[in-house]
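Commentary on secondary and tertiary structure
Chain by chain, the residues run as shown.
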There are 2 protein chains.
Amino acid sequence: MSKNLKYYYDLLSQPSRALFIFLEKTKIPYEKCPVSLGKGQHLTDDFKAINRFQKVPCIVDNQINLAESVAIMRYLCREYNVADHWYPHDSRVRARVDEYLEWQHHNTRAVCATYFQYTWLRPRMFGSKVDPKRADQYRAQMETCLDFIENEFLGGGAPFIVGKEISVADLLAVCEIEQPRMAGYDPYAGRPNLTKWMERVREATNPYYDEAHKFLNKLAQDTVAKNKL
Amino acid sequence: MSKNLKYYYDLLSQPSRALFIFLEKTKIPYEKCPVSLGKGQHLTDDFKAINRFQKVPCIVDNQINLAESVAIMRYLCREYNVADHWYPHDSRVRARVDEYLEWQHHNTRAVCATYFQYTWLRPRMFGSKVDPKRADQYRAQMETCLDFIENEFLGGGAPFIVGKEISVADLLAVCEIEQPRMAGYDPYAGRPNLTKWMERVREATNPYYDEAHKFLNKLAQDTVAKNKL
């Protein structure tokens with residue numbers, strides 16, 4: 001029976017991209033419901049009725065209104081017939097995927113988003129000034145995290161965040177790591193493991209990876225061009 | 001077969017308390033391995049071999065070294081015969097528990113811990129000064145979150161965070177909310193739903209709730225007494 005799954009997202013949001021790639025790649029049938037964060041469409045009363053947290057991504061189906069990308073991915077893996085590697089049933093491997101999914105909130109997600117928001121988004125949205133000292137501090141925190149992923153999660157030639165196959169952990173990770181590119185920061189420079197891993201995730205999920213990152217790539221190019229002037 | 005489960009924790013850490021209460025209440029056999037954060041025992045090379053993230057809580061058993069409280073709870077619910085209400089198998093209810101578990105990282109956990117660390121822990125550990133304006137800002141963020149829990153998660157007389165029975169979401173939530181009491185902030189004042197819910201969680205898990213909070217209660221009393229001087 002069709003669940004009439006509706007997906008609310010904005011491809012400028014990192015977890016929105018991750019879930020978009022996941023839905024496309026797994027061929028889960030869904031209806032696209034784009035929400036423009038830039039236009040404040042998530043702040044309306046209509047949207048609050050869909051998601052009380054007023055954030056994207058979120059889903060609505062016949063059973064539930066659900067927010068939080070990680071909770072949504074787990075739900076979809078239970079409700080649809082997706083390949084096991086996305087969220088493995090093996091208890092030990094699942095624990096390892098879960099560990100990354102919980103760890104990333106205050107690491108990959110927090111540090112890449114903070115740097116991006118402080119140096120790029122807030123000046124454009126609110127006209128706020130960038131204190132170079134504070135920007136350096138945020139960049140240093142981001143680099144510590146990216147180095148940890150390079151040397152720990154992807155150290156010793158590990159092809160993916162957990163084990164030998166792609167999982168939801170890789171999708172969520174890579175979409176966070178792509179974000180600061182819009183602010184002119186290249187997360188892959190000097191990080192060969194991260195570079196090869198990103199290419200691996202991209203190849204495993206294309207054409208959806210490139211589709212999800214189309215607008216981000218355009219903004220990243222603009223920033224690089226502007227910085228050269 | 002015994003898994004020889006070892007639990008590494010410090011009862012001054014919020015998720016350490018939540019997991020301690022969970023292990024005790026579910027009667028999962030485990031070995032207590034206290035780690036003193038105050039003495040920096042988590043920063044040693046010995047501890048790094050146990051947990052590469054150098055944080056508590058974490059576990060070690062015959063199968064895995066695992067960090068991240070939420071991932072550990074999910075793992076224990078799979079590996080041991082615990083009552084279903086802790087992490088329900090019903091897909092819709094589980095999705096709702098998962099939603100809270102993911103949401104709390106940048107909400108309950110982030111705001112209560114930030115206020116506690118800025119106003120109480122950092123001045124004591126590093127001698128750092130408290131800027132009253134910044135403290136007010138952190139308190140306002142915490143209060144917005146506590147009000148959301150009061151009115152949304154626990155609104156309309158809901159007995160627990162999700163549904164009619166206690167789950168791991170309640171344990172993680174209440175242990176975060178107790179934390180700022182050490183800094184002299186009473187999260188329950190003016191929040192009747194939160195107060196009744198905390199009492200409900202406490203009753204459902206005692207004597208372990210009080211055991212987990214024994215040292216915290218002592219420090220909270222000291223702060224209140226000091227503020228009266």
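Residues numbered from 1 in each chain as written. Chains lettered and ligands numbered in written order. Predicted model: local features only at pLDDT ≥ 70, side-chain atom pairs only at ≥ 80, totals over all residues. Heavy atoms only, no water.

All names here are of chain B. The strand order β2-β1-β3-β4 describes an open sheet built from four strands, whose pairing is mixed. Each edge of the open sheet is held by one strand with a lone partner, namely β2 (31–34) and β4 (65–67). Averaged over all adjacent pairs, the angle separating strand axes in this sheet is 20°, with direction ignored. Alignment of strand β1 (residues 6–9) against strand β3 (residues 58–60), held across three bridges, turns out to be antiparallel. Opposite Y7, over in β3, you have I59 as the bridge partner. Across the sheet, helix α3 (residues 69–79) is in contact with β3 and β4; its angle to β4 comes to roughly 125°. (Pairing = 2+ DSSP bridges. Helix = DSSP H or I, 4+ residues; strand = E, 2+ residues; numbered from the N terminus. Axes fitted to C-alpha atoms, helices over the stretch in contact; angles between N-to-C directions. Contact = heavy atoms within 4.5 Å.)

So, on to the pattern of salt bridges. Going through the model one piece at a time under the given rule, you end up with 30 salt bridges over all chains. Between R52(A) and E99(B) there is a salt bridge; the shortest N-O distance is 3.6 Å. Of this pair, R52(A) sits in the loop between α2 (45–50) and β3 (58–60) while E99(B) sits in helix α4 (residues 91–103), placing the two residues on different chains. On the accessibility criterion, R52(A) (26% relative accessible area) is partly exposed. With a shortest N-O distance of 3.4 Å, R202(B) and E199(B) are connected by a salt bridge. With R202(B) and E199(B) both in helix α8 (residues 192–205) and three residues apart, this pair spans about one turn of that helix. What makes R202(B) partly exposed here is its relative accessible area of 27%. Residues joined in a network through salt bridges with shared partners are R74(A), R78(A), D98(A), E102(A), R74(B), R78(B), D98(B) and E102(B). (Salt bridge = Lys/Arg side-chain N within 4 Å of Asp/Glu carboxyl O. Buried < 20%, exposed > 50% of the residue type's maximum accessible area, 1.4 Å probe, protein only.)

Where strands meet in a sheet, backbone hydrogen bonds hold them as pairs that are either parallel or antiparallel. Residues and elements named next belong to chain A. Reading across the sheet, the four strands line up as β2-β1-β3-β4 and stay open at both edges, with mixed pairing between neighbours. At either margin of the open sheet sits one strand with a lone partner, and together these are β2 (31–34) and β4 (65–67). Here the average twist between neighbouring strands, direction ignored, is 20°. When β3 meets β4, the two strands line up antiparallel, connected through three bridges. Following the sheet pairing, V60 is matched in β4 by N65. Set on the sheet, helix α3 (residues 69–79) makes contact with β3 and β4; between it and β4 the angle comes to about 125°.

Take the environment of F53(B) next. By the secondary structure assignment, F53(B) is in the loop between α2 (45–50) and β3. Its relative accessible area of 12% is what places F53(B) among the buried residues.

Turning our eyes to something else, we now look at the UniProt feature "domain: GST C-terminal" (unreviewed entry) in chain A. Within this numbering scheme, the UniProt entry marks residues 90–220 of chain A as carrying the feature "domain: GST C-terminal" (unreviewed entry). Helix makes up 69% of residues 90–220 of chain A and strand 0%, whereas the separation of the span's terminal C-alpha atoms amounts to 39 Å. (UniProt positions renumbered as here; feature names shortened; annotations may be inferred.)

Looking along a regular strand, one sees side chains alternate from face to face of the sheet. Residues and elements named next belong to chain A. Pairing between strand β1 (residues 6–9) and β2: four bridges, direction parallel. Within β2, the residue paired with Y7 across the bridge is K32. The parallel pair β1 and β2 is bridged by helix α1 (residues 14–26), and the resulting crossover is right-handed. (Right-handed = clockwise from strand over helix to strand, strands pointing away.)

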